[in-house]
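# Structural features, examined
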Amino acid sequence: MTEQKLHPETLVVSQGRPAHQHDAPVNTPIYMTSTFRGGKTVDTLNDKVYARFHNPSWEDLEEVIASLEDAELPGLMFASGMAAVAAVEDLVPVGSVILLPRHTYMASISLALKLQRRGICEVIRYDLENTEQTIETMKAAASARGVTAENVDYRAPKVLMWLESPTNPMLEVADLKVLLPEAKKLGIVTAVDNTFSTPLVQKPLTLGADIVVHSATKFIAGHSDVVLGLAITNHPELRAMMLEHRTLNGSIAGPFEAFLALRGVRTLALRVERSMANAQVLAERLTKHPRVREVRYPGLPNDPFHAVATSQMNGFGAILCVVLEANAQETDAVVEKLKIWTPATSLGGVESLIERRRRHLSEPDSIPESLLRLSVGIENVDNLYNDLNQALASIV
Ligand SMILES: Cc1ncc(COP(=O)(O)O)c(C=O)c1O
């Protein structure tokens, strides 16, 4: 009998389990050890020697995430999403360039700019929603650094392109189906932050990305109780370099956090399905709200990114943004009035979170002052809407 194809809803539950044998535990044990017995010659990066090099508590989530992202190599778990981002941005050698979207998670920007300040690389910003202009930027960067599809060095890429789609917090969508193959032709190594979409909604490796990064703190763990990251690639050299980075920098996950994230991922499919359905309803209702100037959500048919999102995503995610007919103080007052929504940063948990992004002084001023980012949870959608509605009534 041929093996049946396992769908993501099955993979999240059935992958990453102890061996199917009598007396085996059903769930992955938590390995609370800093070291492993042994006295023979060892390969530091591959043998179990010391828990900064390896902990079996990581393996099962690394396997689940790799199967969800359609990767052949296991993923790499990190201490946080930013630790995974750092493992990618640290790949570039002196004299390189990082192409960085105008809007992307703010710490990913800060980290690249820090590399630039230290003289390691140049950072070139681009607007990822403008495909033609982005391709011109890519061509110029590849040609200036002399990279081609034939001479790309995966151990030290001279041109690294960072992508995030949809972007945080503006929800712009990059045309990944065009940009990723174009980068491959030009010898540009690409990394996509897939945190907002999750692998259930978007699979960048299958669209041509070299690396996928997740803040597993968000949807993957799903309960706002851990900080973790993941990086996934199909290139053995890229994986080896990121593993070396993790081991040498010690940016490793604690075994208990790994356990929580694996436990969380079991319900990823259910949570994402429910949160996305709620987000769609809220986006539609909020579009008609008199206090709302703009709703940004690619699931809305008139959203400028609806067509491209439909072509590459399996759904539209559970994050939406609203720009209110209000100033910063009035927007803060709306947030204060909410009873069910939690005013907090972060996203992707079962509970709905809301945040005025410009409260972060590092958020660029191209983000409107009255923009609220909504991370839609799994609560009853009418309760969520009614709570927003009563709070919006505070705007006079
Ligand atoms: C899109 C995105 N990428 C990366 C990160 C960083 O992840 P972490 O906070 O787990 O370090 C975040 C955090 O908010 C994020 O929203």
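Residues numbered from 1 in each chain as written. Predicted model: local features only at pLDDT ≥ 70, side-chain atom pairs only at ≥ 80, totals over all residues. Heavy atoms only, no water.

The protein chain is annotated in an unreviewed UniProt entry as homocysteine desulfhydrase of Rothia amarae. One UniProt comment on the protein chain, placed under Cofactor (unreviewed entry), says "pyridoxal 5'-phosphate". Checking UniProt for the protein chain, the heading Sequence similarities (unreviewed entry) contains the comment "Belongs to the trans-sulfuration enzymes family." (UniProt positions renumbered as here; feature names shortened; annotations may be inferred.)

## Overview of the UniProt feature "modified residue: N6-(pyridoxal phosphate)lysine" (unreviewed entry) in the protein chain
In the numbering used here, UniProt assigns the feature "modified residue: N6-(pyridoxal phosphate)lysine" (unreviewed entry) to Lys218. As for its placement among the helices and strands, Lys218 is situated in the loop between strand S6 (211-215) and strand S7 (229-233). Lys218 gets classed as buried once you look at its relative accessible area, which sits at 15%. Apart from the residues within four sequence positions on either side, Lys218 is in contact with Thr195, Ser346, Leu347 and Gly348. (Helix = DSSP H or I, 4+ residues; strand = E, 2+ residues; numbered from the N terminus. Buried < 20%, exposed > 50% of the residue type's maximum accessible area, 1.4 Å probe, protein only. Contact = heavy atoms within 4.5 Å.)

## As for the side chain of Glu172
Checked against the element boundaries, Glu172 lands in the loop between strand S4 (159-164) and helix H6 (176-186). Despite its burial, Glu172 remains without a salt bridge, the nearest opposite charge being carried by Arg296 at 4.4 Å. At 2.7 Å, the side chain of Glu172 and the side chain of Thr167 are in polar contact. Discounting residues that sit within four places of it in the chain, Glu172 has contacts with His103, Leu128, Glu129, Ser165, Pro166, Thr167, Arg296 and Phe305. (Lys, Arg positive; Asp, Glu negative; His and termini not counted. Salt bridge = Lys/Arg side-chain N within 4 Å of Asp/Glu carboxyl O. Polar contact = N/O pair within 3.5 Å; in protein donor to acceptor, adjacent residues only side chain to side chain.)

## Considering the pattern of salt bridges
Once the charged atoms of two side chains with opposite charge are near each other, the side chains can pair. All chains considered together, the criterion is met by 16 salt bridges. Between Glu62 and Arg246 there is a salt bridge, with the nearest N and O atoms lying 3.0 Å from each other. A residue pair is termed long-range when its members are at least 10 positions apart, and Glu62 in helix H2 (residues 56-68) and Arg246 in helix H8 (residues 236-249) qualify at 184 residues. Of the charged contacts, one joins Arg293 and Glu325 as a salt bridge, the two residues approaching to 3.4 Å between their closest N and O atoms. With Arg293 in strand S8 (residues 292-296) and Glu325 in the loop between strand S9 (319-324) and helix H12 (328-337), this pair connects stretches of sequence that are 32 residues apart. Given a relative accessible area of 49%, Arg293 falls into the partly exposed group. Through salt bridges that share partners, Glu355, Arg357, Arg359, Glu363 and Arg373 make up one connected network.

## Concerning the site of the ligand
Contacts to the ligand come from 13 residues, most closely from Met82, Asp193, Ser215, Thr217 and Lys218. One of the side-chain N or O atoms of Asn168 is found 3.1 Å from an oxygen atom in the ligand. Within the contact set of the ligand, an oxygen atom lies 2.8 Å away from a side-chain nitrogen or oxygen of Lys218. Here the ligand loses 91% of its free accessible area of 390 Å² to cover by the protein chains. Across the shell around the ligand, the residue classes tally to four nonpolar, six polar and three charged. (Near = heavy atom within 4 Å. Areas by Shrake-Rupley, 256 points an atom, 1.4 Å probe, with all protein chains shown as cover. Nonpolar A, V, L, I, M, F, W, Y, C, P; charged D, E, K, R; others polar.)

## With respect to the domain arrangement of the protein chain
Examined at the domain level, the protein chain breaks down into domain 1 (8-265) and domain 2 (268-392). One C-alpha centre belongs to domain 1, the other to domain 2; they are set 26 Å apart. Every contact between the two is made by 35 residues of domain 1 and, on the other side, 37 residues of domain 2. Here domain 1 meets domain 2 over a buried area of about 3100 Å², counting both sides, of which 66% is carbon and sulfur. Looking at the side of domain 1 facing domain 2, the largest losses of area belong to Met106, Val201 and Phe219, adding up to 22% of the total buried there. There are zero salt bridges connecting domain 1 and domain 2. Its residues placed into classes, the side of domain 1 that touches domain 2 shows 18 nonpolar, 11 polar and six charged. (Domains from an automatic or database assignment. Buried area = accessible area lost by both parts, 1.4 Å probe.)

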